[in-house]
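# A look at the structure
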Amino acid sequence: EGTGPEQAARAHAERIVGRDARVQEDLAPGAEVAPPDLLEWLLDRQFAGFELVAHARIGAHHIFKTKFIGSTTLVVQARWAAAAGGRWCIREAEVARVENEPAGPPTATSGPASPDRV
């Protein structure tokens with residue numbers, strides 16, 4: 001595709017905001033997602049937009065924190081790496097923070113007061 005990791009992360013977030021089920025195609029085979037139904041949960045919500053709030057590079061991997069903005073706002077941390085064909089894929093994703101979710105949001109840990117992770 002010739003896109004870099006930031007373009008891939010932005011396109012992924014745009015698919016979530018647009019409630020596009022093709023978002024599943026961004027996951028690498030065997031990707032670790034916590035909770036496992038995170039993408040379905042995101043697609044069930046209505047978000048007004050998103051912001052890439054952090055980007056770190058560790059070797060061949062790029063870690064992005066994406067803030068999805070809506071009545072429920074949450075930050076998802078995802079680790080991206082290039083696949084054999086050069087396409088960027090998510091290897092790991094988890095909820096880093098949730099705001100304003102009264103109905104029990106998905107969390108990687110139990111309990112509503114889980115601390116932010118970096």
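A brief structural summary.

What counts, and where the lines are drawn
Residues numbered from 1 in each chain as written. Predicted model: local features only at pLDDT ≥ 70, side-chain atom pairs only at ≥ 80, totals over all residues. Heavy atoms only, no water. Core = buried A, V, L, I, M, F, W, Y, C linked by side-chain atoms within 4.5 Å. Buried < 20%, exposed > 50% of the residue type's maximum accessible area, 1.4 Å probe, protein only. Helix = DSSP H or I, 4+ residues; strand = E, 2+ residues; numbered from the N terminus. Contact = heavy atoms within 4.5 Å. Pairing = 2+ DSSP bridges. Salt bridge = Lys/Arg side-chain N within 4 Å of Asp/Glu carboxyl O.

## Describing the nonpolar core
- With 23 residues, the main nonpolar core has Ile16, Leu38, Leu42, Phe68, Leu74, Val76 and Trp80 as its most contacted residues.
- Only α1 (5–17), α2 (38–44), β2 (47–58), β3 (61–70), β4 (73–82) and β5 (88–99) provide two or more residues apiece to this core.
- No other element matches the five residues that α2 contributes to this core.
- Sequence-distant contacts of Leu74, that is, excluding residues within four places in its chain, are made with Trp41, Leu42, Phe47, Thr66, Lys67, Phe68, Val95, Arg97 and Val98.

## Focus: unusual backbone geometry
- The step from Ala34 to Pro35 runs through a cis peptide bond, and the omega angle for that step is -5°.
- With respect to the helices and strands, the residue Pro35 is situated in the loop between β1 (27–34) and α2.
- Within the chain, Arg19 stands out as a residue other than glycine whose phi angle is a positive 60°.
- Position of Arg19 among the secondary structure elements: in the loop between α1 and β1.
- Since its relative accessible area comes to 40%, Arg19 is described here as partly exposed.

## Overview of the pairing of β2
- Examined bridge by bridge, β2 and β3 share 10 bridges and lie antiparallel to one another. Among the inter-strand pairings, Glu51 is bridged to a residue of β3, identified as Lys67.
- Here β2 folds back onto β3 in antiparallel fashion, the turn holding two residues, of which Gly59 has a positive phi close to 60°.

## Side note on the pattern of salt bridges
- In total, this model carries five salt bridges according to the counting rule given.
- Between Arg10 and Glu6 there is a salt bridge, with its nearest N and O atoms 3.1 Å apart. With a gap of four residues between them, Arg10 and Glu6 both fall in helix α1, about one helical turn apart.
- Here Arg10 falls in the partly exposed class, since its relative accessible area comes to 35%.
- Glu6 gets classed as partly exposed once you look at its relative accessible area, which sits at 35%.

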